[in-house]
Amino acid sequence: MGPETSTQADTTDRETVISRVINAPRNLVFQAFTEVRHLAQWWGPNGFTTTTRTFEFRVGGVWEFVMRGPDGTDYEEWISWTELVPPERIAMLHGEYRGDPNAFESVLTFTPHGETTRIEMRTVFPTKELRDEAIEKHGAIEGGQQTLGNLADYVAEVARKGTED
């Protein structure tokens, strides 16, 4: 994404931003997104599990998976990676299926802070109404914070085990 121009619409009323400082080095935090064996351990809000059907971590690649909620409800999910700049940035399109008109764009940035990493997840929805629905009906902010919390716990444990060797 380049600098804002006067022809580009301001997206602030259609976006959410969640961030967290994670007690692990940036390369490790980024790596947690690159393989199913990692993602299966932490992806999703508290109480959710993730079952992957397809996973190709490359620009244009797709991750198709099912998230199962604590109440047993299954949620079909589809992600296509649109930009990968290891270990700084991941951009993706996220919907329920390929071609989903309500799919949203998320950009994750990974900023090193000494031995820790600040991760920011900026999500832009197609409309303000879809953003508001995601927040109010689906708990997007809380769920995103829980997901980053699960990521933080996972990579901190991996980092701790790595220092024991």
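Before reading on, note that the structure itself is shown above.
Residues numbered from 1 in each chain as written. Predicted model: local features only at pLDDT ≥ 70, side-chain atom pairs only at ≥ 80, totals over all residues. Heavy atoms only, no water.

**Thoughts on the sheet that holds strand β5 (residues 89-95)**
Then step 1. Spatially, β1-β7-β6-β5-β4-β3-β2 is the arrangement adopted by the seven strands of the open sheet, whose pairing is antiparallel. Every interior strand has two partners, whereas the edge strands, β1 (15-22) and β2 (49-55), have only one. Within the sheet, the average angular offset between the axes of one strand and its neighbour, ignoring direction, is 25°.
Then step 2. Across seven bridges, the pairing between strand β4 (residues 74-85) and β5 is antiparallel. When the bridges of β5 are listed, Trp 78 appears paired with Gly 95. (Pairing = 2+ DSSP bridges. Helix = DSSP H or I, 4+ residues; strand = E, 2+ residues; numbered from the N terminus. Axes fitted to C-alpha atoms, helices over the stretch in contact; angles between N-to-C directions.)

**Side note on the side chain of Thr 117**
Then step 1. Note that Thr 117 resides in strand β7 (residues 116-124).
Then step 2. With relative accessibility at 0%, the residue Thr 117 sits in the buried group.
Then step 3. A polar contact is formed between the side chain of Thr 117 and the backbone oxygen of Ala 24, at a distance of 2.7 Å.
Then step 4. When near neighbours in sequence (up to four residues on either side) are disregarded, Thr 117 contacts Arg 20, Val 21, Ile 22, Ala 24, Pro 25, Arg 26, Val 29, Phe 110 and Thr 111. (Buried < 20%, exposed > 50% of the residue type's maximum accessible area, 1.4 Å probe, protein only. Polar contact = N/O pair within 3.5 Å; in protein donor to acceptor, adjacent residues only side chain to side chain. Contact = heavy atoms within 4.5 Å.)

**Some thoughts on unusual backbone geometry**
Then step 1. Each neighbour pair has its own omega, and for Pro 86 with Pro 87 the value is -10°, a cis peptide bond.
Then step 2. Relative to the elements of secondary structure, Pro 87 occurs in the loop between β4 and β5.

**Re the pairing of β7**
Then step 1. Pairing geometry for β1 and β7, over eight bridges, is antiparallel. If you follow Arg 20 over to β7, its bridge partner there is Ile 119.
Then step 2. Connecting the antiparallel pair strand β6 (residues 104-113) and β7 is a turn made up of two residues, with Gly 114 showing a positive phi of about 65°.

**A few points about the pattern of salt bridges**
Then step 1. For the structure shown, the criterion picks out 12 salt bridges.
Then step 2. The salt bridge involving Arg 37 is made with Glu 35; its shortest N-O contact spans 2.5 Å.
Then step 3. A relative accessible area of 54% means that Arg 37 is categorised as exposed.
Then step 4. Looking at Glu 35, the relative accessible area reads 29%, which means it is partly exposed.
Then step 5. The shortest N-O distance in the salt bridge between Glu 133 and Lys 137 comes to 3.8 Å.
Then step 6. Take Lys 137: its relative accessible area is 63%, and that puts it in the exposed class.
Then step 7. Residues participating in the shared-partner salt-bridge network are Glu 15, Arg 118, Glu 120 and Arg 122. (Salt bridge = Lys/Arg side-chain N within 4 Å of Asp/Glu carboxyl O.)

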